[in-house]
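# Coordinates in review
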Amino acid sequence: MPEYLAGRKVCNLMQLDNKEWDDEILKDVCNDRDGNLKKKVPLLRRNEDDAWFWLLDDQGCFTVKSCYRALQGEIMAPHARFWRKVWNLKLPSKIVQFFWRVCSLCLPKAARLITKRVPIDMLCSWCRGDAETDMHVLFYCDIARNTWIEAGLRSVLQQVTGEDIFQVFYDLFQNCSSTQCTQIILICWSLWTRRNKWVWERVNMSSFGIKAAATNLLTEWRKAQAEKLCDVSHTRRPIVVSKWEKPQQNWVKINIDAALFEDIGYIGMGSIVRGTDVQFLLARSVRREGLVPPREVEALSLKEALSWLKDKDF
Ligand SMILES: [Zn+2]
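Residues numbered from 1 in each chain as written. Predicted model: local features only at pLDDT ≥ 70, side-chain atom pairs only at ≥ 80, totals over all residues.

What follows is about the overall build of the protein. In terms of helices and strands, the protein carries 13 helices and three strands. With respect to the three principal axes, the spread of C-alpha positions in the protein is 85 × 65 × 35 Å. When contacts within the protein are restricted to residue pairs at least 6 apart in sequence, long-range pairs at least 24 apart make up 50% of them. (Helix = DSSP H or I, 4+ residues; strand = E, 2+ residues; numbered from the N terminus. Contact = placed C-beta atoms within 7 Å.)

As C-alpha cells, this is what we get:
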C-alpha cells in the first residue's frame, strides 16, 4: 500500500458533498481493475457506522461451521468434480460414506492399524500372501480379483495399478458412467463386508456370493426408495396460495421491487405505499451505480424503502 494511503478510510474515496464514488480519486489510487470493482459496490444514502461482516454467513456472523465448509471446499476443489459425481450416485448413504472412508484412507485394515500401534498381523488373513492394504483387500487379493471378474468388470482390474487408492478411483471414474461407478462402489462395499465377516466370524463367502450380495443390496434399496416415493406422492399436501392483501385498519403497506442493469452497471429500486383502502399514498424509484447479486438487490431495496419511510414519519 502506498505510504500516503496509510490511515485513510473507504469514505475518503467518495465525493465530499455527495455519497458517490469519486472517479478522480479512484483513478489516482487504484488500478483499472480495482477501481471498477469498487464502483460496483452500491452506496446507500443513509449513514451507518462501518462494521465487521463475515461474508460466508447471511447474518454476517462468524461461525466455525461456515469457515470449515469454506476450507473443505478449497481443499476439495481440485477433486470437486470427482466428489460431485460420487455424492450424486443413487446409493444408500452408508455405502457412500464407506466409499468416502476408503478414499480418505480411514478403513481399519491391518496395514493402517499397525501404524496406530495396534499389535496385529499385517498379512491378509484370507490369502496370507501380502500385506492387508486397501488395494489388496479391494483389488489384489485373489478373492477380490475373482469377484471383479465374476461381476463382468475385468476391465477394472486391468486399469488398476499402484497403491494410491484415491488416485485409482479418481482415474477409474474419469471415464465411467454413473451406473459403472455405482457398480464399482458396490463391489468394494461387498468385498469389505466379506473381509469383516471372515476376520471376525470366520464366515466364508464365494466371489459369486459377494457379487450377488452387492446386487441384492442395490435392488432392495431401490425398491424401498420407490415405495417411499409412492407414499410421499399419496400424501396430500396443503396448497399454499400467496396473494396480496390490503393492510389492516390504520396501517400502510409498502411493496418493493428491484432490478439489475448489468450492461450499464446500475441497480434500480422501486417502492409503493398504499393505505387501508388500497389508496395510493406514495411511490419512489431510485437507481444506484453498482452491481450486486439479485438477492442482495432485493434486500437493499427493502432496506432503502424502510429508511425512506422512516424519514417520511410514517
Ligand atoms: Zn489376500
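When cut into domains, the protein gives domain 1 (3-39), domain 2 (89-234) and domain 3 (253-311). The distance between the C-alpha centroids of domain 2 and domain 3 comes to 57 Å. (Domains from an automatic or database assignment.)

So, about the pairing of strand 2 (residues 266-274). A regular strand carries its side chains on alternate faces of the sheet. Burial along strand 2 is one-sided: the residues Ile 267, Met 269, Ser 271 and Val 273 are buried and none of Tyr 266, Gly 268, Gly 270, Ile 272 and Arg 274 is. Bridge count between strand 1 (residues 253-261) and strand 2: nine bridges; the pairing is antiparallel. Paired with Ile 254 across the strands is Val 273, a residue of strand 2. Connecting the antiparallel pair strand 1 and strand 2 is a turn made up of four residues, with Gly 265 showing a positive phi of about 75°. (Buried ≥ 20, exposed ≤ 12 C-beta atoms within 10 Å, placed from the backbone. Pairing = 2+ DSSP bridges.)

We now examine the environment of Asp 22. As for its placement among the helices and strands, Asp 22 is situated in the segment before helix 1 (23-29). For Asp 22, a count of 15 C-beta atoms within 10 Å translates into the label partly exposed. Note: C-alpha distance between Asp 22 and Leu 282 (260 residues apart in sequence) is 32 Å. The contacts of Asp 22, once residues within four sequence positions are left out, are Leu 13, Met 14 and Gln 15.

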